[in-house]
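Coordinate inspection notes
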Amino acid sequence: MSQLLKRRFFEQIKVMFGSEPSKPKEIAPAAQAIHFYKKGNRDLIAEKLHARAHAIHDNKWRNRRWVTLIIANLLFTFSFFLDIQILEGALTASRFVGFHLIDLNSGLQVMLAHKHIINNLIIGTGTVLVLWVLLGGRTFCSWVCPYHLLAEWAEKIHLFLVKKKLVTDQTMDRRLRTVFWVIFALLAIATGYTVFEAISPTGILSRALIYGPGLALLWVLALLFFEVFFSRRAWCRYACPIGLTYGVVGIISPVRIKYKLDGCFHEGDCRKVCLVPHVLDTVIKGRAVETEVPIGPDCTRCGLCVDTCPTGSLSFEVKGLSKLM
Amino acid sequence: MSDNENDNGSENASKPAVTPTPPLSKAKRQSNRRRFLRTALLTGGVLGAALSGFLPLIYSQKKRLRPPGALDESDFLSSCIKCGQCVQVCPVSAIKLADLIDGMGVGVPYIDARQQACDFSCDAVQCVLACPTGSLTYHKPEFLVVRPGAALAAKPILLAKEKDAEPTLNLTERMGVARLTRPEACLAIQGKGFKGQTRGPDFKGTMRYMDVDRWKPIRIADHPYDVPECDLCVRECPIKGAISIETVFAPDGSKRKSPVVHEPCVGCGVCEMVCPVEPTAITIEAREVWKT
């Protein structure tokens, strides 16, 4: 990793905790050359139109993701409903053919609140930690969390209303999520009660899917309502501590999105579809510090940008694997 | 949020020009301020909703029947991860998860004994085995106190497996204690018998009857009774020596029969479930300890 990418790596961690991405002070000569080439190059406009006209826009990754998400959640439901016992429990804690799996945020909350950790809790959280380090951290959000799917649909309604000029997206301060994380951790320690679980839409939805709906779903509806009419993807963007927990795990994950500078026309389609557009600051004209830049840990690896990019400048990458092959 | 709010900020107008970053425009400052307000709004909203999550702590004074092996209420609430694995393993579906308005923790398991009691038909307290966090446990950690009277004098003997090599349940503390709360309604005290389906034909509750099938609980409605003197609570109690019909003296000095609860009672709630009178004459006092 070059010095520049190393610097960016640490900056992206800060960005995940809520700081705004800044313009890079230094850019590698190779990237500099591409930036310079693109500046005022009239041929690029023709090329851009050409690429746009021939871009194959499918929803490959989105479809794969939705299928995965739905299957994962239905596996819970049917394990109980049909008593097939593959994945028993709920997203907060479960057993996959007998092996304990415990959600990192829920596990952490229980550890902080109860201050006593039994073996199964360690085994379960440890397994899940390794799993999500390998799979990409916030991959959990977009590929498993049932609230993410509902929020995606709500987002479509929101964007439709925005287009009709009926609502506007009210953005918030992203540092809020870190504040919430700390508050809920402190509340768990101080009160000895896992209060976040009471309002976690992930837990509420997961249980509703498995054990039947309850009134707690009203809170989930309220959140969706807020996101449709007031602030785009507000819960996932500004509030959810689970996302931050998995984001931290994703810092060292080999699975990530890679950005290639040379083919990019800097039109920003990717940033428009992205749940966390601050991770894509590098695609802004003149910002990429290297010719290839990995996207930061707050990225949920949902693949919407990969689907939407007309030039294939964004792609999934497993670090180290490409070298091996 | 109004978009035509007038600018009233003059405090930022005279920013020293020595900073390399240009001073923010009025519009930018305004939108920043609004964004800050919105963020504060969301903070308040989410935290407000979260505070409602504390209701169970307040309600925890109100005793709820938790699954067997549960830690004391506050420890139970802190350690339960709300996954429902205990719900999934229970053969009689005695365990339910609390909802928003139950006021005892969204997703936290409880037992409504009158509707469906724990009859230990799993033999091994499966819910305890399933619990990933030790909220339900065979071995209470040493730093947690055992309330006096909560501990069982001896491991309870499960009548259903009395002849097995290991007849006891791995349970050290009671869930509660059964108590004859409405003796005036008790059929045994009145010297009456009982014939027919206890709880009526529509009652959904199930129980294991050893003479029917050890491994397959059946509906109570499918198991009618015909007893000359009602003793259903004693007859169906799964724990050895927990309850018996005794001859007692009424206040007027006359002799009569009455169910009497003894120390081995674990508070499972079967007696409450099978009691044929409405409302039940015998109830479980959840989290109650044995008082001599």
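Model, not experiment: these values are computed from the prediction.

Calculation rules
- Residues numbered from 1 in each chain as written.
- Chains lettered and ligands numbered in written order.
- Predicted model: local features only at pLDDT ≥ 70, side-chain atom pairs only at ≥ 80, totals over all residues.
- Pairing = 2+ DSSP bridges.
- Helix = DSSP H or I, 4+ residues; strand = E, 2+ residues; numbered from the N terminus.
- Axes fitted to C-alpha atoms, helices over the stretch in contact; angles between N-to-C directions.
- Parallel < 35°, antiparallel > 145°, perpendicular 65-115°, else oblique.
- Left-handed = near helix turned anticlockwise from the far one by under 90°.
- Contact = placed C-beta atoms within 7 Å.
- Nonpolar A, V, L, I, M, F, W, Y, C, P; charged D, E, K, R; others polar.

A short note on the sheet that holds strand β1 (residues 87–90) of chain A
All names here are of chain A.
- Pairing is antiparallel across the open sheet formed by three strands, whose spatial order is β1-β2-β3. Either end of the sheet is taken by a strand with one partner, and the two such strands are β1 and β3 (99–102). Across the sheet, the axes of successive neighbouring strands diverge by a mean angle of 15 degrees, strand direction being ignored.
- As defined by bridge partners, β1 adjoins strand β2 (residues 93–96) across four bridges and the pair is classed as antiparallel. Across the sheet, Ala 90 pairs through a bridge with Ala 93, a residue of β2.

Side note on the packing of helix α11 (residues 201–211) of chain A against helix α12 (residues 217–229) of chain A
Residues and elements named next belong to chain A.
- It is the contact of α11 with α12, at a shortest axis distance of 9 Å, that shows an interaxial angle of 125 degrees. Between α11 and α12, the interaxial angle falls into the category oblique. Note that α11 runs across α12; the crossing there is left-handed. Residues Pro 201, Ile 204, Leu 205 and Ala 208 of α11 form the contact with α12, whose own contacting residues are Leu 217, Trp 219, Val 220 and Leu 223.

Here we look at the sheet that holds strand β6 (residues 314–318) of chain A
Residues and elements named next belong to chain A.
- Taken in spatial order, the three strands of this open sheet run β5-β4-β6, and their pairing is antiparallel. The sheet is open, and its two borders are formed by β5 (292–294) and β6, each paired with just one other strand. The average undirected angle you get between the axes of adjacent strands in this sheet is 35 degrees.
- Here strand β4 (residues 255–260) runs beside β6; their pairing, made up of five bridges, is antiparallel.

Things to note about the interface of chain B and chain A
- Contacts between the two partners involve 37 residues from chain B, matched on the other side by 47 residues from chain A.
- Elements with a minimum of two residues in the side of chain B that touches chain A: α1 (26–52), α3 (73–79) and α4 (85–89) of chain B.
- Ranked by the residues each element gives to the side of chain B that touches chain A, the list is headed by α1 of chain B, at ten residues.
- Residues belonging to the side of chain B that touches chain A are distributed by class as follows: 18 nonpolar, 14 polar and five charged.

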